[in-house]
Amino acid sequence: MENTNLQRRRWLSLGGIMLGAALLPNYVSAIVSTPKPLSLRLRNVNTGEKLVTSYSAKGFSRNDLKKLNHIMRDRRTNQVRAIDPNLFLKLTRIQAKLGVRNSEILIISGYRSAQTNAQMRRRSRGVASNSYHILGKAVDFYIPGVPLAKVKSAAESLHNGGVGYYPSSNFVHVDTGPVRTWRG
């Protein structure tokens, strides 16, 4: 009887070891394949506000999107609009292409109300009447220490959305509209 119990315990131990070994690769794989959250650092040059937010393969959290929408608001009217989350992901992809993932992105213009856009259009011929800024799908920006031409090239290499190059004003425009390029 004692010998039978010993054999039973050995078989149960062996079964436990086999089960653990079968599950272990999945557990290790899940740990290894789970990417660490990355960060996006923004500063609005007009308001001085700074924001550091994180994102993962799932994108940005609802709370972080709210903060991102706020920093991209129309500073003239203080209106906030939901910004296309793909625009933020596009910025992170541009940073990755440039190898400056942790660099701060300086925002010149994000969302613009129709009123602000019309006002800007009266002062400058380079402002589109149907601007993607009005839709919350565009941003004008630069990255300190990175030549503007390289930022433009990285944005164009994504082959998605619009890319405007404004070297005399020191910014690049990107949006999530159709693929097109221009020089301002």
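About the criteria used
Residues numbered from 1 in each chain as written. Predicted model: local features only at pLDDT ≥ 70, side-chain atom pairs only at ≥ 80, totals over all residues. Heavy atoms only, no water. Phe/Tyr/Trp six-rings, centres within 6.5 Å; stacked < 30°, edge-to-face > 60°. Buried < 20%, exposed > 50% of the residue type's maximum accessible area, 1.4 Å probe, protein only. Lys NZ or Arg CZ within 6 Å of the ring centre and 35° of its normal. Helix = DSSP H or I, 4+ residues; strand = E, 2+ residues; numbered from the N terminus. Contact = heavy atoms within 4.5 Å. Pairing = 2+ DSSP bridges. Axes fitted to C-alpha atoms, helices over the stretch in contact; angles between N-to-C directions. pLDDT = per-residue confidence, 0-100. Core = buried A, V, L, I, M, F, W, Y, C linked by side-chain atoms within 4.5 Å.

J.: Any details on the packing of aromatic side chains? Residues and values, ideally.
T.: One pass over the structure, following the stated rule, counts 3 aromatic pairs. The interplanar angle of 45 degrees and the centroid separation of 5.1 Å between the aromatic rings of Tyr 55 and Phe 60 together place this pair among those described as tilted. Comparing Tyr 55 with Phe 60, the two get one shared label, buried. One aromatic cluster is present, built from ring pairs that chain together Tyr 55, Phe 60 and Phe 88. The residue whose ring lies beneath Lys 152 is Tyr 165, and the NZ or CZ to ring-centre distance is 5.4 Å.

J.: I'd love a proper account of the side chain of Lys 152, names of residues and values included.
T.: In this structure, Lys 152 sits in helix H5 (residues 148-157). By relative accessible area, Lys 152 is classed as buried at 19%. Once you skip the residues sitting within four places of it in the chain, Lys 152 turns out to touch Val 163, Tyr 165 and Val 172.

J.: Provide a residue-level description of the sheet that holds strand E7 (residues 171-175), including the pertinent values.
T.: Spatial strand order, E3-E2-E1-E4-E5-E7-E6-E8: 8 strands in an open sheet with mixed pairing. The sheet is open, and its two edges are formed by strand E3 (59-60) and strand E8 (180-183), each paired on a single side. As defined by bridge partners, strand E4 (residues 104-109) adjoins strand E5 (residues 138-142) across 3 bridges and the pair is classed as antiparallel. Each bridged residue has a counterpart across the sheet, and for Ser 109 the counterpart in E5 is Asp 140. Strands strand E1 (38-44), strand E2 (50-56), E3, E4, E5, strand E6 (162-166) and E7 of the sheet are contacted by helix H3 (residues 85-98), whose axis makes an angle of about 130 degrees with E7.

J.: Lay out the confidence of the model for the protein chain with the relevant residues and their values.
T.: Model confidence for the protein chain is summarised by a mean pLDDT of 87, while 80% of its residues fall at 70 or above. Contacts from residues 26-32, a stretch scored under 50 in pLDDT, to residues over four places away or in other chains number 0 contacts.

J.: Give a description of unusual backbone geometry that names residues and reports values.
T.: Trans peptide bonds make up most of the peptide bonds, and negative phi angles are found at most residues other than glycine. One non-glycine residue, Asn 78, adopts positive backbone phi at about 65 degrees. Despite not being glycine, Asn 170 shows a phi value in the positive range, around 60 degrees. Within the secondary structure layout, Asn 170 lies in the loop between E6 and E7. Its relative accessible area of 38% is what places Asn 170 among the partly exposed residues.

J.: Explain the environment of Ile 71 residue by residue, including any values.
T.: One can find Ile 71 in helix H2 (residues 62-71). In contact with Ile 71, other than residues within four places in its own chain, are Leu 42, Asn 44, Glu 49, Lys 50 and Leu 51.

J.: Account for the nonpolar core, with residues named and values stated.
T.: In terms of nonpolar packing, the biggest core is built from 30 residues, with Phe 141 and Val 174 touching the most fellow members. When near neighbours in sequence (up to four residues on either side) are disregarded, Val 174 contacts Leu 87, Lys 90, Leu 91, Ile 94, Lys 137, Ala 138, Val 139, Phe 141, Ala 155, Gly 162 and Val 163.

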